Structures are given as C-alpha cells and as structure tokens.
Amino acid sequence: MRNAIAAKAVKPLDKRLEGIVDLDAYPIDRLDGASGKALIERCRRQIADDGCVVLKNFVPRTALDRLERETERLSPEAHYNQTETNPYNSDPDDNLPPEHPKNRFADRTNGFVGGDRIGGDTIIRQIYHDDDFKRFIAAIVGEDTIHEYADPLADLVVNVLREGCQHPWHFDTNDFIVTMQTRRSHGGGTFEYAPNIRGPQGENFEGVQKILDGDRSELKSIDLEPGDLQVFFGRNSLHRVTPAEGAKERHTVIFAYAKEPGFVGRPERAKRIFGRMAPAHEAMLREGVKRRDNLSD
Ligand SMILES: O=C(O)CCC(=O)C(=O)O
Ligand SMILES: [Fe+2]
C-alpha cells in the first residue's frame, strides 16, 4: 500500500506535465511528432503576423481552481511599486511639445511577488522549469535554447493588479515576454496592443500619439482568461493593460527566460520591484558587479 501511494505521487519524467497542461491541444511533450511540429508552425506564424500568440486553456479547466489558488495565496505578499512612466520608459524631453508621446506620462502602480515565494510543487513553477516547455518556447520565439534566470526573485513572478492598477501604454525593452493569466478582475484588465506600430522604418510618433489620444483603429484587444498562455513581442507593438476594476484582483504570472544562462537583474531593480533583494543581489553589491538588466518593467 505504501509503495502504491509513493509510486502514484512521483510521476515518471515523461508525464510531468500531465494534468497541468492540456497536452492533447498543445502536444509540447511531442514536439518532434507531426502534431508538435504543426503547433510550433501555427505559433510561429501568428508571432510573425503580429507579434502575439495566445494559447487558450493551456492549463486545462480541471486544474484552473488549483492554478487560481496558487496566486491568490501569494498575492497578499505583493510589493507595490508606483511610478509615472511614458511609453518609452524614458525621461521627458523639454525640447518637444507636451502632447508628444515622450512627454506623455501615466500612472503605473503594480504589485509583484518574487519567485522565491513560489513553491516547487505549484503548477506555475513546474511549468517554468519543464524542459519540454522551455524547448517549446525557444522554438516559437526562434531561439536554439532559452535559459531560466539565475535570479531567485525575477525568474518567476506574480504580477498583481488590484483595483485601479494598470500597465499604461508602453513598448517593452526586452524581446519577448511569456505570461499566464491565473485570475481575472471583474472588469478592466484588458490587454490591448497596436501590432508593429514602430519598427526599422522609424518611431512613428504621430501614430503613437493618435493612440494616446484615444484612436482605436490600429488596436487589437485580447480578453485573457485564467489558464491562457501568452507569448508577446512588445518591442515594436505599443501595448497596455487597462485599469483593473472591482474588488477582484487581476493576477498574471511572468515566466522569465534569457538567451544566456546565469542572468541576475540589478540589485536596485530588485529593491524597486520586489521591495527587497535576494542573497544573489547582495553578493553583487558586495562584489561591485554591474550587469545589464534586460527586463522590461
Ligand atoms: O500583464 C500583461 O498582460 C502584460 C504586462 C506588460 O505589458 C508588461 O509587463 O510589460
Ligand atoms: Fe509590456
């Protein structure tokens, strides 16, 4: 009897994602097979098209209660960080008129829970570390391999938007972001984006300004739901999350990967985002190590 229970508790390596990822719809454990290749192809096409792919119910309905509870339990530990930011996360430019996008600042108040609070038995951490998942993400973003962060706070993050919190219009500073919604707010919290509104052809400040002024003709809008996985290239696509409305918070998990192994974010950033540092950041401060922070914030 004891053995039977133990055998049940430890899943064989090739069954790790069973029950927590819909492997029928998303055969990421069989990427070399015909269905796996077709999935990669479909995602790559969507990303090439407008820089965004959403895999609805990546976590199956049967696991959604558990998924939602994971971030619900963690959200009271969120550190809130308030800033005013323009779409470029840059300083204002006094040489430009006040209506110019570089001078358009909006409130960005956001809560973050650092990865060291997220247990190894959670669905979200099991997905984050999974080799098949990493291989899948690498394939669709066009990398040979991607690497987990060596940063114990920024590797896996819960982003909490309580009532009134938003991600105002911005471009990301990193290439791509992998996120999963785990809890939906009663209202608001909608992801909107203007695909490739800027690019090698230029900044298109006029186009950006129009959107800031309320023009919606270039916009796409996504109603994310718990269990949906999103991969988004935000460098050239202006995007935002509208303010969360109502008492129910919006929760999103950020799965952070880098092109190179060993990435640790700057200690100042850890303090700003999470309100604290991990030993790795304290060691960096002691040793005077400076590293590039390629996270978008
Ligand atoms: O939470 C989201 O859906 C996207 C947030 C975002 O744009 C960002 O973190 O840069
Ligand atoms: Fe973003």
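Residues numbered from 1 in each chain as written. Chains lettered and ligands numbered in written order. Predicted model: local features only at pLDDT ≥ 70, side-chain atom pairs only at ≥ 80, totals over all residues.

Draft legend 1. Focus on the overall build of the chain. On a plain count of helices and strands, the chain comes out with 8 helices and 13 strands. For the chain, the C-alpha radius of gyration of 20 Å lies close to 19 Å, the compact-globule estimate for 297 residues. With the C-alpha coordinates of the chain rotated into their principal frame, the extents come out at 75 × 45 × 40 Å. Across the chain, contacts joining residues at least 24 apart in sequence account for 82% of those joining residues at least 6 apart. (Helix = DSSP H or I, 4+ residues; strand = E, 2+ residues; numbered from the N terminus. Rg over C-alpha atoms; globule rule 2.2 N^0.38 Å. Contact = placed C-beta atoms within 7 Å.)

Draft legend 2. Broad picture of the environment of Asp65. Counting through the fold element by element, Asp65 comes out in helix α3 (residues 64-74). Overall, Asp65 belongs to the exposed group, with 10 C-beta atoms counted inside 10 Å. Between the alpha carbons of Asp65 and Ile211 there is a distance of 37 Å; along the sequence they are 146 residues apart. (Buried ≥ 20, exposed ≤ 12 C-beta atoms within 10 Å, placed from the backbone.)

Draft legend 3. Local environment of the sheet that holds strand β5 (residues 156-161). What the 7 strands build is an open sheet, ordered β1-β10-β7-β12-β5-β3-β2; its pairing is antiparallel. Edge strands, defined here as strands with exactly one partner in the open sheet, are β1 (52-55) and β2 (79-85). In this sheet, adjacent strand axes meet at a mean angle of 25° when their direction is disregarded. Where strand β3 (residues 106-113) meets β5, 3 bridges bridge the pair, whose relative direction is antiparallel. Its bridge partner being in β5, Phe112 is matched across the sheet by Asn159. (Pairing = 2+ DSSP bridges. Axes fitted to C-alpha atoms, helices over the stretch in contact; angles between N-to-C directions.)

Draft legend 4. Summary view of the sheet that holds strand β8 (residues 191-194). The strand order across the open sheet formed by 4 strands is β6-β11-β8-β9, and the pairing between neighbours is antiparallel. With partners counted over all chains shown, the strands left at the sheet margins are β6 (167-170) and β9 (220-222), one partner each. Taken pair by pair, the neighbouring strands of this sheet meet at an average axis angle of 15°, ignoring direction. In this sheet, strand β11 (residues 238-241) lies alongside β8 in antiparallel orientation, the contact comprising 4 bridges. What sits directly across from Ala194, in β11, is Leu238.

Draft legend 5. Representation of the nonpolar core in the model. One finds Val21, Leu156, Val157, Phe255 and Ala256 to be the most contacted residues of the largest nonpolar core, which totals 66 residues. Counting residues per element, this core draws most heavily on β5, at 5 residues. Every residue in contact with Phe255, bar those within four places of it in the chain, is listed here: Tyr128, Leu156 and Val178. (Core = buried A, V, L, I, M, F, W, Y, C linked by C-beta atoms within 7 Å.)

Draft legend 6. Looking closely at the pairing of β8. Relative to β9, β8 is paired through 3 bridges, and the arrangement is antiparallel. In the strand pairing of β9, Tyr193 is matched with Lys220.

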